[in-house]
Amino acid sequence: MTEAPERTSTTPLPAPAPDSTALLVRARSRNRRRTTACLALVAGLAVILFACNVLLGSYTVTVPDFFRILGGADIPGARFIVLESKLPRTVIGLLIGVAFGIAGAVFQTMLRNPLASPDVIGISYGASASAVTAIVLFGAAGGGVSVAALIGGLVVAAAIYLISRRGGVAGYRLILVGIGFGAVLHALVSFLITRTDLRTASQAVLWLNGSLNSSTWDRVTVLVAALVVLLPAIALLARTLHGLELGDDAAAGLGLRVEASRLGLLSTAVALAAFATAAAGPVASVAFLSGPIARRILGRPSLMLAGWVGAVIVLGADFVASNLVPGTSLPVGVVTGALGAPFLLWLLATANRSGQGGG
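None of the values given here were measured: they were computed from a predicted structure.

Engineer: Describe the overall build of the protein, and please don't skip the residues or the numbers.
Structural biologist: Counting secondary structure elements, the protein contains 14 helices and zero strands. What you see in the protein, going N to C, is helices and strands ordered as α-α-α-α-α-α-α-α-α-α-α-α-α-α. Looking at the protein as a whole, 47% of its 359 residues are labelled buried. Partitioning the contacts of the protein with sequence separation of at least 6, the portion at a separation of at least 24 is 73%. For the protein, the accessible area works out to roughly 18500 Å², and carbon and sulfur atoms hold 66% of it.

This is how it looks when you write it as structure tokens:
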């Protein structure tokens, strides 16, 4: 008796479950590639704008002549214009753009509000009021104005933090306290300007608009020294930023020391904004614009990308300010301020459409 042949099943075997670890690795790899590509693109744009500011304008310099000047060649007229005017101006524009961009992104991410930037919540007003006081009452100029602005920004930031920290610093409370400080300090600045002579008032107004016209290598040195200290500090503290973005309760549940982490981030971001303001004045809207633009480009917050976006904004605005009116170099803050108003209206409109109500 023969055995019946075995029947082979035609039903396909179930596919093996995907390895979650492999999926996570692939997702992280895609995120890294996207982040690298976005950083390279924005940084490349900043480099192009840097070159345009140095080489083009009312006095153009060829690339070979530029490198000859850097090498020590004495080209009549060009050497002074490049090394003492264009280059320090552009370097400061790059550095303050990075500083403002990172400072604004830290505030906005940590407090979970796009309005929470130093130029909205009163810190820049503190620097402005202190600088104008030094100009009007004490006749300060140059480095004295920068020191006064630095001290004023830090003192006002400390006052805002201390007043808003009762029961833990909430984002909305810090913003409201900062806006209140900004209103009072703006009134103080207006009063001081109306009570002084025309020459001093024009000097104060020029500084208040944010200008790179008086850039010097001494200011570059101070700003570079500040960034060498503050940028690594921000990089270390940024590890806690994503936890704070989830809210105080969630951050505490993750084991973060919420108040200590927030105070460290606030202090470092305020110092970045204060040193940038001391170097070039309160250049409007750079801190406000950089973080949201970087988030739109990358799809998530990125301090490094926000810094490069800030550099692009300042360098692009300065090129426009220097060449918009022939024979006149406008303050860079005039151009960046013009960008901030429509962006704020757009931000409020999109928040209302999404049901967020701007908060």
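Engineer: Kindly report on helix α8 (residues 217-237), identifying the contributing residues and their values.
Structural biologist: With 21 residues, α8 should cover 30 Å at 1.5 Å per step; its first-to-last C-alpha distance of 30 Å lies within 8% of that length. Taking the largest bend as the criterion, α8 deviates by roughly 25 degrees, centred on leucine 227. When α8 is considered as a whole, its buried residues turn out to be Arg219, Val220, Leu223, Ala226, Leu227, Leu230 and Ile234. Contacts from the buried residues of α8 go to α3 (78-111), α5 (143-164), α11 (258-280) and α13 (303-323).

Engineer: Lay out the nonpolar core in plain terms, naming residues and giving numbers.
Structural biologist: Core analysis: the largest hydrophobic core is formed by 103 residues, its most contacted members being Ile96, Phe100, Phe107, Leu272 and Leu305. Ignoring anything within four residues of it in the chain, the contact list for leucine 305 reads Cys38, Leu39, Val42, Ala294, Ile297 and Leu298.

Engineer: Would you mind going over the environment of leucine 41 in detail, with residue names and values included?
Structural biologist: Among the structural elements, leucine 41 can be located in helix α1 (residues 20-55). Of the residues examined, leucine 41 reaches a relative accessible area of 63% and is grouped as exposed. When the C-alpha positions of leucine 41 and leucine 305 are compared, they lie 10.0 Å apart, and in sequence the two are 264 residues distant.

Engineer: Account for the pattern of salt bridges, naming residues and giving values.
Structural biologist: All told, the structure shown has two salt bridges when counted by the stated rule. Note that aspartate 65 and arginine 68 form a salt bridge whose closest N and O atoms lie 2.9 Å from each other. Of this pair, aspartate 65 and arginine 68 both sit in helix α2 (residues 63-70), separated by three residues, roughly a single helical turn. Arginine 68 sits in the partly exposed class, given a relative accessible area of 46%.

Engineer: Give me the lowdown on the side chain of asparagine 53, citing residues and values where you can.
Structural biologist: Assignment of secondary structure puts asparagine 53 in helix α1. At 2.7 Å, the side chain of asparagine 53 and the backbone oxygen of leucine 49 are in polar contact. Dropping the residues within four chain positions of it, asparagine 53 is found in contact with Lys86, Thr90, Leu315, Asp318 and Phe319.

Engineer: If you had to explain the packing of α2 against α3 to someone new, which residues and values would you point to?
Structural biologist: Relative to each other, α2 and α3 sit at 85 degrees, their axes nearing to 10 Å. Regarding the angle of α2 to α3, the classification is roughly perpendicular. For the pair α2 and α3, the contacting residues are Phe66, Ile69 and Leu70 in the first and Ala78, Arg79, Val82, Leu83 and Leu87 in the second.

Engineer: I'd love a proper account of the packing of aromatic side chains, names of residues and values included.
Structural biologist: Within the structure shown, the criterion is met by one aromatic pair. Here phenylalanine 66 and phenylalanine 67 contribute two aromatic rings whose centre-to-centre distance is 5.5 Å and whose plane-to-plane angle is 70 degrees, an arrangement assigned as edge-to-face. Among the residues examined, phenylalanine 66 registers a relative accessible area of 13% and is labelled buried. You can call phenylalanine 67 exposed: its relative accessible area is 55%.

Engineer: Before we move on, can you summarise the environment of leucine 305 with the specific residues and values?
Structural biologist: Tracing the backbone through its elements, the reader meets leucine 305 in helix α13. What makes leucine 305 buried here is its relative accessible area of 0%. Linking leucine 305 and leucine 39, residues 266 residues apart in sequence, is a C-alpha distance of 5.9 Å.

Quick notes on the rules
Throughout, a residue's number is its position along its own chain's written sequence, starting from 1. Only residues with pLDDT of at least 70 are given local features in this predicted model, and only at 80 or more are side-chain atom pairs given and counted; all residues enter the totals for whole chains, interfaces and linings. The basis for the side-chain values is all heavy atoms of the structure; hydrogens and waters are excluded. Put simply, DSSP marks the helices as runs of H or I at least four residues long and the strands as runs of E at least two long, and each gets a number from the N terminus on. Only protein chains enter the area calculation, which uses a 1.4 Å probe; residues under 20% of their type maximum are buried, those over 50% are exposed, and those in between are partly exposed. Throughout, a residue-residue contact means that at least one pair of heavy atoms, one from each residue, lies within 4.5 Å. Surface exposure here means Shrake-Rupley accessible area, sampled with a 1.4 Å probe, where a residue is shielded only by the protein chains that are shown. To estimate the expected span of a helix, count its residues, drop one, and scale the result by 1.5 Å. At every residue, the bend is computed as the angle between two fitted axes, covering the seven residues ending there and the seven beginning there respectively. To form a nonpolar core, buried Ala, Val, Leu, Ile, Met, Phe, Trp, Tyr and Cys residues must be joined to one another through side-chain atoms within 4.5 Å. Within this document, salt bridges are pairs made up of a side-chain nitrogen of Lys or Arg and a carboxyl oxygen of Asp or Glu, the two lying within 4 Å of each other. Two N or O atoms form a polar contact when they lie within 3.5 Å of each other; inside protein one atom must be a possible hydrogen donor and the other a possible acceptor, and for residues adjacent in sequence the pair counts only when both atoms belong to side chains. Here, axes are lines fitted to C-alpha atoms. For helices the fit covers the stretch in contact, and angles between N-to-C directions go from 0 to 180 degrees. Our angle categories are set so that under 35 degrees counts as roughly parallel, over 145 as roughly antiparallel, 65 to 115 as roughly perpendicular, and the remainder as oblique. In this analysis, rings of Phe, Tyr and Trp, with Trp reduced to its six-membered ring, are considered paired at centre separations within 6.5 Å, and the interplanar angle assigns stacked below 30 degrees, edge-to-face beyond 60, and tilted for intermediate values.

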